[in-house]
Amino acid sequence: MTVSRRDFVKTSVLGAVAAGVGRPAALSAATEQASPASSPKRPVIICAHNGRASIEAAYDFLKGGGDTLDAAIRVVKGPEDDPNDDSVGLGGLPNEDGVVELDACCMHGPTRRAGSVGAVRNIKNVSLVSKAVMEHTGHVMLVGEGAERFAVAVGFPRENLLTEHSRKIWLLWKEFHSDRDWWGPGLADPRWRPPAPESKPQSELWQDRIEQLRQRAADLGIEPEFQLAAVRRVLFPPTGTIHCSALNEKGEISGVTTTSGLAFKLPGRCGDSPIIGAGCYTDQDVGSAGATGSGEENIKVAGAHTIVENMRHGMSPQEAGMDALKRIVRNYNNDMDRLHFVSMTYYILRKDGAYAGVSLWQGAEGRPHRFVVHDGTARFEPAVGLLKGEAQEWPPFPRIPEELKKDSEYLK
Ligand code: GLY
């Protein structure tokens, strides 16, 4: 599937989205209705798929007069507290040293303030720490040890964020590289296997490697129903994250993004999530946007800020998001060999209640990327894809059997 270069140069003209670039734009009713000048008819919250379990209570809080940033943080705190969500907070997949480092930022529309923390260790609720930076300091961003010390000073408990589940996946990742280092079973171990003969076709070599990894996952004690998902995390280190934007009936709007960042990253790496303007951006006059996916790519297009500015200049939420995605594609000159390794989803909420979720890749057949909306009723909606297909299509990965999808959110 190709996309003409002209499409990406003309970033301000978005009518071409449907012309062979991903599937036709299925505009949601909310996206097309209101203009930015009109008021929202009711509160609206939009977030990544992993906010589904916590959005109801946050919506009730918002409807009852709660602050928009506090409501958004109530959504993302759910995954931060959940040891089974390995992309955020407690249980997040660690850096290459096996240490969990978290990033977050927030923007409070009504008071036009922002806070951010990057590469924070030992503190679970970094969304709240970013809010504390906003409220208790004259700074916007703290990182590393200084951010951790600040968090402890204002009352956050230190805790070990590495769960057994995440530690085992990290160990599997270490051992995956073990024909070139000393991790994994040594020569004397009965589980040691010689390297596969290079004469085999690449796809067969990968199938062997995937099976060996699955076997090691079993040896490490990873539950059978999670072994293939663990292997997938090793081969395709995830960039899972949660963003949430919340709007109340008065038209006040705020946003927050929080993550454990790219799995197995270099220590100290900050992705887009703590970068105001990339992982999250909120302007009380216009709206709010946030991102999940390949942080490095999003930083280079200042995704969330670009989207909000696009809306300021008249684009609909979906058009604004598609334009940011096209800038990512343009940065790689439309080179699909590279773009297959990029994933990006934007969550966009305009001040009048119009919203959109857009994704660089549409997702697997029958399983599009999804986001969660609550405007009185909570629901998943499919994100509109710019490009057909899935990110990360190499190496070929076996389909995970339906019966193993016990924890379906993980395996998506
Ligand atoms: N978007 C999350 C990250 O790249 O860290």
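Computed from a prediction, not measured in an experiment: that's the story for all the values here.

## A few points about the sheet that holds strand β7 (residues 280-283)
Then, number 1: In space, the 5 strands of this open sheet follow the order β7-β8-β9-β10-β15, with mixed pairing throughout. Every other strand in the sheet has two partners, leaving β7 and β15 (384-387) as the edge strands with one partner each. Direction aside, the axes of adjacent strands within the sheet are offset by 15 degrees on average.
Then, number 2: By the bridge criterion, 4 bridges tie β7 to strand β8 (residues 287-293) in an arrangement that is antiparallel. Its bridge partner being in β8, tyrosine 281 is matched across the sheet by alanine 289.
Then, number 3: Contacts between helix α11 (residues 303-312) and the sheet are confined to β7, β8 and β9 (344-350), with β8 contributing the most and set at about 145 degrees to the helix.
Then, number 4: Here helix α12 (residues 317-331) sits on the sheet and contacts β9, β10 (355-361) and β15; the angle it forms with β10, its principal contact strand, is near 20 degrees.

## So, the UniProt feature "binding site: substrate" (unreviewed entry) in the chain
Then, number 1: On the UniProt side, "binding site: substrate" (unreviewed entry) is annotated at positions that read Arg269, Cys270, Gly271, Asp272, Thr292, Gly293, Ser294 and Gly295 here. Considering only the annotated residues already named, the ones lining the largest cavity are Arg269, Gly271, Asp272, Gly293 and Gly295.
Then, number 2: Relative to the helices and strands, cysteine 270 is located in the loop between β6 (253-259) and β7.
Then, number 3: Setting aside residues up to four positions removed in sequence, cysteine 270 forms contacts with Asp103, Gly118, Ala119 and Ile299.
Then, number 4: Among the secondary structure elements, aspartate 272 is positioned in the loop between β6 and β7.
Then, number 5: In contact with aspartate 272, not counting residues within four places along its chain, are Ala278, Gly279, Ala291, Gly293, Gly295, Asn298 and Ile299.

## Some details on the sheet that holds strand β13 (residues 370-374)
Then, number 1: Read across the open sheet, the 8 strands follow the order β4-β3-β2-β6-β5-β1-β13-β14; overall the sheet is mixed. Each having just a single partner strand, β4 (141-143) and β14 (378-382) make up the two edges of the open sheet. Averaged over neighbouring strand pairs, the angle between their axes works out to 10 degrees when direction is ignored.
Then, number 2: Sheet contacts for helix α5 (residues 126-136): β2 (102-108), β3 (113-120), β4 and β6; angle to β3, the most-contacted strand, approximately 130 degrees.

## Let's talk about unusual backbone geometry
Then, number 1: Located in the positive-phi region is arginine 112, a residue other than glycine, with phi close to 55 degrees.
Then, number 2: Here arginine 112 lies in the loop between β2 and β3.
Then, number 3: A positive phi angle, near 65 degrees, is found at asparagine 334, a position not held by glycine.
Then, number 4: Within the secondary structure, asparagine 334 sits in the loop between α12 and α13 (336-339).
Then, number 5: Given a relative accessible area of 17%, asparagine 334 falls into the buried group.

## A closer look at the site of the ligand
Then, number 1: In the region of the ligand, the neighbouring residues are Thr239, Thr241, Gly261, Leu262, Arg269, Gly271, Asp272, Ser273, Gly293 and Gly295.
Then, number 2: One of the side-chain N or O atoms of arginine 269 is found 2.6 Å from an oxygen atom in the ligand.
Then, number 3: The separation between a nitrogen atom of the ligand and a polar side-chain atom of aspartate 272 is 2.7 Å.
Then, number 4: Relative to its unbound accessible area of 200 Å², the ligand is 100% covered by the protein chains.

Criteria and thresholds
- Residues numbered from 1 in each chain as written.
- Predicted model: local features only at pLDDT ≥ 70, side-chain atom pairs only at ≥ 80, totals over all residues.
- Heavy atoms only, no water.
- Pairing = 2+ DSSP bridges.
- Helix = DSSP H or I, 4+ residues; strand = E, 2+ residues; numbered from the N terminus.
- Axes fitted to C-alpha atoms, helices over the stretch in contact; angles between N-to-C directions.
- Contact = heavy atoms within 4.5 Å.
- UniProt positions renumbered as here; feature names shortened; annotations may be inferred.
- 1 Å grid on protein atoms, 1.4 Å probe; cavity = no way out; pocket = protein on both sides within 12 Å on 5 of 7 lines; lining within 4 Å.
- Buried < 20%, exposed > 50% of the residue type's maximum accessible area, 1.4 Å probe, protein only.
- Near = heavy atom within 4 Å.
- Polar contact = N/O pair within 3.5 Å; in protein donor to acceptor, adjacent residues only side chain to side chain.
- Areas by Shrake-Rupley, 256 points an atom, 1.4 Å probe, with all protein chains shown as cover.

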